[in-house]
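# Summary of structural features
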Amino acid sequence: MDKGLLTNVLAAALVVAGYLMPASAGQWALSAGLFALSGALTNSLAIHMLFEKVPGFYGSGVIALHFEEFKRGIREMIMQQFFSSDSIDRFFDASSMMQNGFNKLLPEMVDEINLDKAFDSLVDAIMQSSLGSMLGFVGGAKALTGLREPFNERMRGFLYDLVQSDEFQARFSDRLTQMTHSDAVIARLEELVDRRLDELTPEQVRLLVQKMIRKHLGWLVVWGGVIGGLMGVVYTALSAI
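Note that the structure is predicted; figures quoted are calculated from it, not measured.

## Regarding the packing of helix H1 (residues 3-20) against helix H2 (residues 23-51)
At a minimum axis distance of 7 Å, the contact between H1 and H2 shows a crossing angle of 155°. Looking at the two axes, H1 sits roughly antiparallel to H2. Here H1 and H2 pass one another in a crossing that is left-handed. For the pair H1 and H2, the contacting residues are Thr7, Asn8, Ala11, Ala12, Leu14, Val15, Gly18 and Tyr19 in the first and Gly26, Ala29, Leu30, Ala32, Gly33, Leu34, Ala36, Leu37, Ala40, Leu41 and Ser44 in the second. Split into classes, the residues belonging to the contact of H1 with H2 amount to 13 nonpolar, 6 polar and no charged.

In structure tokens, the structure reads:
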């Protein structure tokens with residue numbers, strides 16, 4: 001069972017138990033359960049709102065709302081790190097690679113890309129949205145730190161698929177046979193990358209990011225339930241004084 005769902009179920013069970021138990025002990029269980037359920041449900045809703053628009057909740061569907069910004073970030077990352085002037089010049093200097101080895105060179109260049117900047121841009125977009133304050137209760141941007149490696153792996157896989165696609169390799173090979181100057185190559189590659197990214201839909205971006213981070217965000221629900229439950233116990237203890 002999903003750890004977030006399990007946390008909500010356990011919190012709800014604690015609420016029911018609090019109603020059924022004798023008043024002295026039931027008060028503690030009920031308070032802890034209600035606070036835990038409140039924290040877990042709130043964080044569950046926050047995670048859901050990252051990926052889906054919820055009627056009546058302004059700012060929900062952050063990934064879709066920031067689709068163009070995310071797409072621009074991918075383009076900037078590809079052009080600045082993957083197709084830099086140095087990379088293109090190095091490519092042209094390897095004459096044997098020009099003839100039959102560029103299929104191997106492109107994936108190797110993907111491995112050299114620093115994806116941390118793309119992840120930091122995504123975190124900034126989330127924190128600047130209306131959900132940033134909600135995530136602040138569980139550590140803010142630091143709560144997303146553990147998602148850096150899953151994000152990098154998924155994004156690297158996306159780039160592998162891009163450079164290994166038949167269309168990309170065919171167009172790239174065709175352009176290389178026509179040009180010998182890195183500036184001209186970069187201009188053509190920008191056109192090719194823009195065309196490919198234009199085919200990327202908000203739904204595809206949402207699914208890409210969702211696969212990368214959704215299961216890891218389940219810990220926000222768990223800790224929301226735990227912290228909420230502890231607050232419920234403290235509240236009951238203070239009320240008894």
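Next comes the rest of the write-up.
## Side note on the environment of Arg156
Residue position: Arg156 is located in helix H10 (residues 148-164). Judged by its relative accessible area of 18%, Arg156 is buried. Along the backbone, Arg156 and Asp111 are 45 residues apart, and their C-alpha atoms lie at a distance of 7.5 Å. Not counting residues up to four positions away in its chain, the partners in contact with Arg156 are Val110, Asp111, Glu112, Ile113 and Leu115.

## Thoughts on the packing of H1 against helix H14 (residues 218-240)
Helix-helix packing is characterised by the crossing angle of the two axes and by the distance between the axes. Running from N to C, H1 and H14 cross one another at 20°; their axes reach a closest spacing of 7 Å. By the angle between their axes, H1 is roughly parallel relative to H14. Remark: the crossing between H1 and H14 carries left-handed chirality. Contacts between H1 and H14 pair Lys3, Gly4, Thr7 and Asn8 from the former with Gly218, Trp219, Val221, Val222 and Gly225 from the latter. Each residue belonging to the contact of H1 with H14 can be placed in one class, and the counts come to 3 nonpolar, 5 polar and 1 charged.

Parameters and conventions
Residues numbered from 1 in each chain as written. Predicted model: local features only at pLDDT ≥ 70, side-chain atom pairs only at ≥ 80, totals over all residues. Heavy atoms only, no water. Axes fitted to C-alpha atoms, helices over the stretch in contact; angles between N-to-C directions. Helix = DSSP H or I, 4+ residues; strand = E, 2+ residues; numbered from the N terminus. Parallel < 35°, antiparallel > 145°, perpendicular 65-115°, else oblique. Left-handed = near helix turned anticlockwise from the far one by under 90°. Contact = heavy atoms within 4.5 Å. Nonpolar A, V, L, I, M, F, W, Y, C, P; charged D, E, K, R; others polar. Buried < 20%, exposed > 50% of the residue type's maximum accessible area, 1.4 Å probe, protein only.

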